[in-house]
Amino acid sequence: MALEQLCDVVQRCQAIKDEGFSPEDYDLFFTAGRTCLEQGNSAQVLSILVDEKNKNIVRCMGWNLLGPLVQILLKKEDKNLPHCHAILSHLLEICSPKELLVGLLEQVEEADTGSIAETVTLLLKPLQTVLLRLGMKKASSVGMALSTLLSQVARLPVPVTKEQEEDDVFGLCHCCTALLQFVKPFVEEVKEGVKDNNRISKDNELRVELLKFCMKSLSKPLLEVQLKDPDTLLKSPLRDFATEILIILSSIGESLPDLLSRNVLKRREVPGFLEEEVRYPKESLACLSHLLFVDHIAVDIFPAVLSPIFVLQCNMEYIELLLSRTEESHLLKGLVLYEKSLIRVEDNSLPVDLLELKTFFSVPQNLVKVMTLCPDQTLRTKGLKVFQLSIDKFNTEAKYKFFKGMLKTSHHAGVEGYIIKNIKNQIDFSLKPCNGNDWFLGKHLLPLLRLVLCLPHGPETDLLQNLDRIMESLNLLRYMLIRDKEWENETGIWTELYKIEDNYLKPLRTGLNMSKAHYEAELKSAKENKKISSKDSKASVCTVTVDNEKLPNMTPEMQIQVLQSAVFTFDLIESVLTRIEEIIETKERPLS
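Below or above, wherever it landed, is the structure these notes cover. Per chain, the residues get numbers from 1 upward, laid out in the order the sequence is written. At least 70 in pLDDT is required for a residue's local features to be given in this predicted model, at least 80 for side-chain atom pairs to be given and counted, and no such filter applies to totals for whole chains, interfaces and linings, which use all residues. Note: side-chain values were computed over all heavy atoms of the structure, leaving out hydrogens and water.

**Here's the deal with the overall build of the protein chain**
Phase 1: Assigned secondary structure in the protein chain consists of 27 helices and two strands.
Phase 2: Throughout, radius of gyration means the C-alpha value; the globule benchmark is 2.2 Å times the number of residues raised to the power 0.38. For a compact globule of 592 residues, the expected C-alpha radius of gyration is about 25 Å, and the protein chain comes in at 36 Å, more than 25% above that figure.
Phase 3: Dimensions along the principal axes, computed over C-alpha positions, put the protein chain at roughly 130 × 75 × 40 Å.
Phase 4: Here the protein chain holds 592 residues, and 49% of them are scored as buried.
Phase 5: To be clear on the numbers: accessible area is Shrake-Rupley with a 1.4 Å probe, and residue cover counts the displayed protein chains and nothing else. When the accessible surface of the protein chain is totalled, it reaches about 29100 Å², and 52% of it is carbon and sulfur.
Phase 6: In this tally Asp and Glu are treated as negative and Lys and Arg as positive; neither His nor the chain ends contributes. Here the site of a charge means NZ on Lys, CZ on Arg, CG on Asp, or CD on Glu. Treating the 71 positive side-chain charges of the protein chain as one cloud and the 84 negative ones as another, the clouds have centres 3 Å apart. Secondary structure elements follow DSSP: runs of H or I no shorter than four residues count as helices, runs of E no shorter than two count as strands, and numbering proceeds from the N terminus. Think of it in three bands: residues with accessible area under 20% of the maximum for their type are buried, residues over 50% are exposed, and the middle band is partly exposed, with areas taken using a 1.4 Å probe on protein chains only.

Encoded structure:
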């Protein structure tokens with residue numbers, strides 16, 4: 001029935017000249033043709049379409065059969081495949097390339113999640129054929145096709161393990177490999193232009209579309225991928241894809257060093273219709289930097305003449321971007337890129353001027369968030385390691401200003417304690433022979449010590465919450481009083497001691513006595529309540545209020561354990577504080 005309908009509409013349309021077909025003709029041709037294909041009559045449909053008498057009909061209406069044709073090809077039914085492939089080839093040759101492009105991209109866009117990879121790989125060659133038919137006017141169409149294809153490919157799950165990349169169950173690796181073949185003739189065309197003219201215009205439309213393709217590929221999927229080392233996976237399609245993307249960039253006239261340093265050199269005078277931020281997205285450049293300096297992709301086309309400090313400066317914006325994300329894969333990339341950038345820098349060499357740059361302030365702030373808030377223990381540990389590495393690279397003055405800045409802005413007792421520990425190490429180094437400097441001895445040190453030896457809220461400061469900071473501060477003060485003799489006073493601590501006693505030690509002693517007395521009273525009360533609850537089996541859970549805040553419901557045993565731990569902590573603080581008071585008292589006692 002459907003075959004007869006198709007024959008009827010074709011026979012009737014043969015008498016119509018030029019393109020005077022009615023909407024009804026289009027509908028009948030599509031409906032009958034689709035039904036014939038679905039019923040397995042592909043051989044008969046092929047014979048109708050290749051008939052020379054029907055060439056004008058096929059040229060105008062044939063592209064409408066792309067939808068049902070693609071669905072049949074995706075089913076891979078052996079008896080229909082040869083005829084359906086032949087129909088597709090004939091349509092690609094006869095129909096309007098613009099209409100074919102629209103039809104093919106519709107099929108790519110409409111692919112459901114389970115068939116994205118198969119649809120993309122099936123249609124890449126037909127799309128390439130259509131685009132090449134467009135001649136010199138194909139640039140915008142190439143861009144539209146690449147954008148549509150990458151948007152679909154970006155929906156595919158990214159393989160995480162070596163085995164997942166080898167198995168490629170969802171087809172991402174296969175799609176990436178096929179995409180490289182798809183863009184090859186367009187890249188070659190731009191390369192020829194570069195070769196003939198020595199330099200192709202930055203605004204050559206095809207070049208711009210290929211640049212956008214590379215930038216989008218760097219953003220997704222490559223930014224999401226953790227590439228495997230060749231020792232782990234000898235043949236990695238994703239590594240090959242990343243390598244080729246960088247080679248394409250170089251081939252179309254983009255300098256990798258210029259791309260890397262774009263943010264530092266602030267090149268705002270990019271000509272053409274694309275703004276710089278759109279043409280060179282920071283997210284894509286962050287991935288490029290990671291590929292170059294962490295994965296060592298395309299090192300043979302990247303000159304190793306840039307100074308390590310300049311490379312670090314270039315990478316800081318990308319590190320800032322990656323560390324500001326919440327995705328653990330991005331955080332890891334940011335940490336590793338920062339680490340690799342720092343390792344190349346000589347210790348104690350980063351000048352203080354760099355701290356004037358926004359990124360040298362924001363990156364440590366983001367690093368602190370990773371160290372303190374990231375749920376992944378491995379990333380927190382890695383963050384602390386990189387944080388210390390960054391400190392080691394600053395020169396003495398830069399370390400001093402960095403410590404001051406972090407003490408003022410970190411608002412985290414653990415981080416502040418870690419900074420104070422580093423300050424102690426710098427003072428210890430400076431007190432050794434031949435290591436004296438103006439920043440961790442004498443007049444410059446005293447303002448830093450005032451930031452260290454202070455209580456945020458005086459005697460009412462929460463000592464438990466600020467434990468790390470308080471213990472490191474007391475350890476630093478004890479060390480300085482023992483190490484720096486009063487008659488030498490290299491650090492200036494003895495000149496400042498009376499202020500430290502009034503502004504830090506006495507308020508701390510007051511706060512400590514108050515807190516200890518309060519917790520000891522609560523502990524005594526909890527023990528008494530436990531005795532009562534042991535007589536009353538119903539009273540198995542109790543609530544304790546400390547500093548006007550209720551602790552979570554716990555058993556009496558748990559409450560007692562928490563309160564005992566707090567009292568032990570106060571004893572620990574008191575032991576160091578008492579030792580400091582003894583040292584001061586000994587120094588102040590007149591000789592008999």
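**Concerning the nonpolar core**
Phase 1: The definition of a nonpolar core used throughout is a set of buried Ala, Val, Leu, Ile, Met, Phe, Trp, Tyr and Cys residues joined through side-chain atoms within 4.5 Å. Counting 190 residues, the largest nonpolar core has F182, L218 and L474 as the members making the most contacts within it.
Phase 2: If you tally residues by element for this core, the top one is helix α11 (residues 172–197), at 13 residues.
Phase 3: When sequence neighbours within four positions are dropped, the list of residues in contact with L474 reads Y504, L505, L508, I573, V576, L577 and I580. Residues count as neighbours in contact if any of their non-hydrogen atoms are within 4.5 Å of one another.

**Some points on the packing of aromatic side chains**
Phase 1: Within 6.5 Å between ring centres, the rings of Phe, Tyr and Trp (the latter by its six-membered ring) count as paired, and their orientation is classed by plane angle as stacked under 30 degrees, edge-to-face over 60, tilted in between. Per the stated rule, a full pass over the model turns up nine aromatic pairs.
Phase 2: Among the aromatic residues, ring-to-ring pairing joins F387, F394, Y400, F402, F403, Y418, W439 and F440 into one connected group.
Phase 3: Put simply, a charge is over a ring when the Lys NZ or the Arg CZ is close to the ring centre, within 6 Å, and near the line of the ring normal, within 35 degrees. Lying over the aromatic face of Y280, R262 brings its terminal NZ or CZ to 3.9 Å of the ring centre.

**A word on the side chain of N315**
Phase 1: Tracing the backbone shows N315 in helix α18 (residues 308–323).
Phase 2: Look past the residues within four positions of N315 in its chain and what remains in contact with it is L260, S289, F293, L337 and S341.

**Some remarks on unusual backbone geometry**
Phase 1: Here K220 and P221 are connected by a cis peptide whose omega angle stands at 15°.
Phase 2: Tracing the sequence through the fold places P221 in the loop between α12 (205–219) and α13 (237–251).
Phase 3: Backbone geometry at D168 places phi at a positive 50°, although glycine is not the residue there.
Phase 4: Counting through the fold element by element, D168 comes out in the loop between α10 (162–167) and α11.

**Quick look at the side chain of H90**
Phase 1: Its location among the elements puts H90 in helix α6 (residues 81–94).
Phase 2: For H90, a relative accessible area of 15% puts it in the buried group.
Phase 3: Any N or O atom pair separated by 3.5 Å or less is treated as a polar contact, with the protein-specific requirement of one donor-capable and one acceptor-capable atom, and with residues adjacent in sequence counted only for side-chain atom pairs. Among the polar contacts made by the side chain of H90, one reaches the main-chain carbonyl oxygen of L49 at a distance of 3.0 Å.
Phase 4: Apart from the residues lying within four places of it in its own chain, the contact partners of H90 are L49, V50 and V58.

**Some words on helix α2 (residues 23–38)**
Phase 1: Helix span, expected: 1.5 Å multiplied by one less than the number of residues in the helix. End to end, α2 covers 23 Å across 16 residues, agreeing with the expected 22 Å (1.5 Å per residue, within 8%).
Phase 2: Along α2, the residues that are buried comprise D25, F29, A32, G33, C36 and L37. One side of α2 carries all its buried residues, which in axial view fall inside an arc of 135°. In α2, those exposed residues whose orientation departs by more than 90 degrees from the buried face are P23, E24, D27 and E38.
Phase 3: Buried residues along α2 sit against α1 (2–13), α3 (42–50), α4 (55–61), α5 (66–75) and α6.
Phase 4: Directly beyond the C-terminal end of α2, a positive phi value near 90° is found at G40. Relevant arc is that of directions from the helix axis to the C-beta atoms, nothing else.

**Describing helix α9 (residues 139–153)**
Phase 1: With 15 residues, α9 extends 21 Å between its outermost C-alpha atoms, agreeing within 8% with the 21 Å of an ideal straight helix rising 1.5 Å per residue.
Phase 2: Of all 15 residues in α9, eleven are buried; the element is thus mostly enclosed.
Phase 3: If you check which residues of α9 are buried, you get A139, S141, V142, G143, A145, L146, T148, L149, L150, Q152 and V153.

**Here's the deal with the packing of α5 against helix α7 (residues 97–109)**
When two helices pack together, their arrangement is given by the angle between the helix axes and the distance between those axes.
Phase 1: For helices, the axis comes from a line fit to the C-alpha atoms of the stretch in contact; other axes are also lines fit to C-alpha atoms, and the angle between any two N-to-C directions lies between 0 and 180 degrees. Taken N-terminus to C-terminus, the directions of α5 and α7 make an angle of 45°; their axes are 10 Å apart at the nearest point. Classified by the angle between their axes, α5 and α7 sit oblique to one another. Relative to α7, the crossing made by α5 is right-handed. The residues of α7 that touch α5, namely those facing L66, G67, V70 and Q71, are L100, G103, L104 and Q107. Angles below 35 degrees are treated as roughly parallel, those above 145 as roughly antiparallel, those between 65 and 115 as roughly perpendicular, and all remaining angles as oblique. A crossing counts as left-handed when the near helix is turned anticlockwise from the far one by less than a right angle, and as right-handed when that turn is clockwise.

**With respect to the pattern of salt bridges**
Phase 1: Counted as salt bridges are all cases of a side-chain nitrogen of Lys or Arg within 4 Å of a carboxyl oxygen of Asp or Glu. Enumeration according to the criterion identifies 23 salt bridges in this entry.
Phase 2: Salt-bridge contacts for K358 lead to E320; the nearest nitrogen and oxygen are separated by 2.8 Å. Residue K358 is found in the loop between α19 (328–343) and α20 (359–373), and its partner E320 is found in helix α18; the two are separated by 38 residues along the sequence.
Phase 3: The class for K358 is exposed, based on a relative accessible area of 59%.
Phase 4: On the basis of relative accessibility, which here comes to 13%, the residue E320 falls in the buried class.

**Overview of the environment of S141**
Phase 1: Within the secondary structure, S141 sits in helix α9.
Phase 2: In this structure the C-alpha to C-alpha distance between S141 and S22, which are 119 residues apart in sequence, comes to 28 Å.
Phase 3: Those residues in contact with S141, other than ones at most four positions away along the chain, are L101, L131 and L134.

**Here's the deal with the environment of V187**
Phase 1: Residue placement: V187 occurs in helix α11.
Phase 2: Separated by 19 residues in the primary sequence, V187 and L206 have C-alpha atoms spaced 8.7 Å apart.
Phase 3: With residues up to four places along the chain from it excluded, the contact list for V187 reads L210, I248 and S251.

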